[in-house]
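As a plain string of letters, each chain reads:
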Amino acid sequence: MIFLFRYVDPIWLYPLMGIWILGYICFGRVQRRAIWHYHRQRLHQTRWQAFWGLIRNYNEFGKALLDRFACWGGRQMKITVDGQELWDKYLMTEQPFVILGSHVGNLELAGYTIQMPQKVYTLVYMGEAETVETNRKRLFDKMGLTIIPVQKDGGHILDMHRAIEEGHVVSIHGDRLFFYTRAMRTSLLGAQANFPEGCYRFAAMEEVPVLALYVMREGRGQYRVIVRQLSDGHPTARTHREQAHELLNAYTSTMEEVLQRYPNQWFNFYEFWS
């Protein structure tokens, strides 16, 4: 596929993807049920709306994956920015801050298409296929991103702290527990859900600005980067735990805003509100 996309526009594979995602919908019972519950219980859709919503959800995910292969093959995506003032203030200047991403949209695409002036360290779970990890690292290296692998013993925390101390940027996903053992609960789309406490405690303890970043697909080869500020690095809460809760609540608020505009780009294919 990587070789193919050097010469073929991904749009020609979109019809074939319908057959591919049909297999996932039919045989991925756990994932299908989770997305069905998301549309029925969290978006409060009718059965008919949820049925088409489920198909569109898988379709958007498939297109996001094809776009990732297209980037590996050398194709460029068109990027527009929502939050240009924050983009210029933080992402285009040399100062340390924390980016909290999510599995809403296609955040990884930012690492393939956006060249930033400062060095960025991104926390990555290294349990995927060799092809994925090899090509991800190749393009991240090209764009000046350094991967920090998640470690079971928590050693990645020291690498993240060192990156901030040296004036760099750290990017973390804020909606997956990974190897975190402690979770915080808060409301998202009207129901309680678990979020990893570690990444929010880390962002609070570093006392640097914190941004939420979403990369949302808008059409053929077109993505919109949504930037929202969660903290300016001068928190009002007294303890780090309280600051972490403030960050989490601000984070889920931005996530709800994005999901209202892009409800079918929710890519957590498991029971998030269990």
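Before reading further, recall that the structure is shown in the block above.
The notes below deal with the structure included here. Everything numeric in this text was worked out from a predicted model, so none of it was measured.

Here we look at a nonpolar patch on the surface
Taken together, Trp-48, Phe-51 and Trp-52 make up a surface patch of nonpolar side chains, about 360 Å² in accessible area. With respect to the helices, strands and loops of the structure, Phe-51 is situated in helix 3 (residues 47-72). The class of Phe-51 is partly exposed, set by a relative accessible area of 38%.

Some words on unusual backbone geometry
Where the residue is not glycine, phi is negative for most of them; where a peptide bond is considered, it is trans in most cases. You will see that His-44, though not glycine, has its phi angle at about 55°, which is positive. Of note in this structure, Glu-207 is not a glycine but carries a positive phi near 55°. Structurally, Glu-207 is set in the loop between helix 8 (197-206) and strand 8 (210-219).

Some words on the pairing of strand 3 (residues 120-124)
With five of five residues buried, strand 3 is to be regarded as a mostly interior element. Both faces of strand 3 are covered, namely the face carrying Val-120, Thr-122 and Val-124 and the face carrying Tyr-121 and Leu-123. Here strand 3 pairs with strand 4 (residues 145-149) via five bridges, running parallel. Considered in strand 4, the bridge of Thr-122 is made with Ile-147.

Quick look at helix 6 (residues 130-143)
Between the first and last C-alpha of helix 6 there are 20 Å, a value that for 14 residues agrees with the 20 Å anticipated at 1.5 Å per step. All of the buried residues along helix 6 are Val-132, Glu-133, Asn-135, Arg-136, Leu-139, Phe-140 and Met-143. Each element contacted by the buried residues of helix 6 is listed here: helix 3, helix 5 (110-113), strand 3 and strand 4. Of the residues trailing helix 6, Gly-144 is marked for its positive phi of about 85°.

Definitions and cut-offs
Residues numbered from 1 in each chain as written. Predicted model: local features only at pLDDT ≥ 70, side-chain atom pairs only at ≥ 80, totals over all residues. Heavy atoms only, no water. Patch = residues over 30% accessible without salt bridge, like charges linked within 9 Å, V, L, I, M, F, W, Y side chains within 5 Å. Areas by Shrake-Rupley, 256 points an atom, 1.4 Å probe, with all protein chains shown as cover. Salt bridge = Lys/Arg side-chain N within 4 Å of Asp/Glu carboxyl O. Helix = DSSP H or I, 4+ residues; strand = E, 2+ residues; numbered from the N terminus. Buried < 20%, exposed > 50% of the residue type's maximum accessible area, 1.4 Å probe, protein only. Pairing = 2+ DSSP bridges. Expected span 1.5 Å × (residues − 1). Contact = heavy atoms within 4.5 Å.

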